[in-house]
Number of protein chains: 2
Amino acid sequence: MDQKAIQDYYPAEISQCYGCGRLNEHGLQLKSRWDGQEMVAIFRPQAYHCGISGFVYGGLIASLIDCHAMGTASAASYRAENRAPDTDPPFRFVTGSLQVRYVRPTPLGPPLEVRARVKEIKGRKVTVGVTLSVQGRICAKGEVVAVQMPDHMMPGKENNAGGGE
Amino acid sequence: MDQKAIQDYYPAEISQCYGCGRLNEHGLQLKSRWDGQEMVAIFRPQAYHCGISGFVYGGLIASLIDCHAMGTASAASYRAENRAPDTDPPFRFVTGSLQVRYVRPTPLGPPLEVRARVKEIKGRKVTVGVTLSVQGRICAKGEVVAVQMPDHMMPGKENNAGGGE
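In what follows, the accompanying structure is described.

Criteria and thresholds
- Residues numbered from 1 in each chain as written.
- Chains lettered and ligands numbered in written order.
- Predicted model: local features only at pLDDT ≥ 70, side-chain atom pairs only at ≥ 80, totals over all residues.
- Least-squares fit on C-alpha atoms with pLDDT ≥ 70 in both.
- Contact = placed C-beta atoms within 7 Å.
- Pairing = 2+ DSSP bridges.
- Helix = DSSP H or I, 4+ residues; strand = E, 2+ residues; numbered from the N terminus.
- Axes fitted to C-alpha atoms, helices over the stretch in contact; angles between N-to-C directions.
- Buried ≥ 20, exposed ≤ 12 C-beta atoms within 10 Å, placed from the backbone.
- Expected span 1.5 Å × (residues − 1).

**Considering the relation of the copies chain B and chain A**
Rotating chain B by 180° and translating it 0.0 Å along the rotation axis places it on chain A, where the RMSD comes to 0.0 Å. Both copies of the chain, as the preceding transformation shows, are related through a two-fold rotation axis. Taking C-alpha positions as reference, the residue of chain B nearest the rotation axis is Gln99(B), located at 2.2 Å. Same-surface contact between copies: 100% of interface residues of chain B are shared with the interface of chain A.

Structure below.
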């Protein structure tokens, strides 16, 4: 797992994401890499990322699952076409829907391991299954539908924001 | 809507939550208040809370929906018993599951209005429906199952963390 993270292939104009943008200095800077047929990301939460004292905040868990699934959708789309993530045309995704089931309380302290696998690629949608584990124990499960980014969301076209109805 | 927020009734030992704890100085400090039969919270995102430039980060949206739903479950449980939130026995909830559907891109800039309504109270579970709007337009919809906090999660009992299987 020493290869470059998928997020490090994203061009600068889409690298501001709070969850995984390498250029967002306030953000979480999640990094997702291939490990066989799965993508994996390791995240070390801060002490202030708690919900109830001693446990990881559920919103952080949802955030990590969300960004890791977007990265997985992107990486898998390139892989399906047997080409590198820095080749054109680009695959950029946004979240269509996010489901998280909190299987058990997530202890705050050890690194969080987030693993994802593509369940389906269908047109512009990719469905991704995700687990979040601590020390080998699954604490949350997610299913995320990633949708290829509509043109009006591309940076520089913000005036069309919200026009997707 | 000038009444005290439900989160300001939470005792100090459960007020560290990153999303809504009044004692977490790094956190979002969401405040949820009654407005008729709904609970409402207004949140002003920072510039760094972006996903794609110009749009709100989906993980932040999930976080706000999560915490607002927990506050709603708690407030509604007291209301169902016709008593104030600072009376015993306390109602404390954790997230069982979270679903978010991103209806349209959420423009980053104006305040976010989060509204929630209880759909069902059944035993220890409360199901809450949530919308997140910008300038009157719904951008995301959520459904959250809140579960009364198990005893082993109460601060001071962290040694039992993760023993819920």
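**Quick look at the sheet that holds strand 5 (residues 125-134) of chain B**
Read from one edge to the other, the open sheet built from 12 strands follows the order 1(A)-2(A)-4(A)-5(A)-6(A)-3(A)-3(B)-6(B)-5(B)-4(B)-2(B)-1(B), with strand pairing classed as antiparallel. Looking at the sheet topology across the chains shown, the edges are occupied by strand 1 (33-35) of chain A together with strand 1 (33-35) of chain B. If you compare each strand with its neighbour and ignore which way they point, the axes differ by 30° on average. Bridging between strand 3 (residues 93-102) of chain B and strand 6 (residues 137-148) of chain B involves 9 bridges; their strand directions are antiparallel. Among the inter-strand pairings, Val100(B) is bridged to a residue of strand 6 of chain B, identified as Gly142(B).

**A short note on the environment of Pro105(A)**
All names here are of chain A. Inspection of the secondary structure puts Pro-105 in the loop between strand 3 (93-102) and strand 4 (112-122). The class of Pro-105 is buried, set by 26 C-beta atoms lying within 10 Å. Counting along the chain gives 10 residues from Pro-105 to Arg-115, while the straight-line C-alpha distance between them is 18 Å.

**Focus on the pairing of strand 2 (residues 38-43) of chain A**
Sheet faces and side chains relate simply in a regular strand, where the side chains alternate between the two faces. Residues and elements named next belong to chain A. Side chains Met-39, Ala-41 and Phe-43 project from strand 2 onto a buried face, and the interleaved Glu-38, Val-40 and Ile-42 project onto a face without burial. The pairing of strand 1 with strand 2 spans 3 bridges and is antiparallel. The residue of strand 2 that forms the bridge with Trp-34 is Met-39. If you look at the hairpin formed by strand 1 and strand 2, you'll find 2 residues sitting between the two strands, and Gly-36 has a positive phi there, around 70°. Relative to strand 4, strand 2 is paired through 5 bridges, and the arrangement is antiparallel. What sits directly across from Val-40, in strand 4, is Arg-115.

**Re helix 1 (residues 58-80) of chain A**
Residues and elements named next belong to chain A. Helix length check: helix 1, at 23 residues, gives a terminal C-alpha distance of 32 Å against a target of 33 Å (1.5 Å per residue), a fit within 8%. Most of helix 1 sits inside the fold, with 20 of its 23 residues counted as buried. Two residues or fewer past helix 1, Asn-82 is found with a positive phi of approximately 55°.

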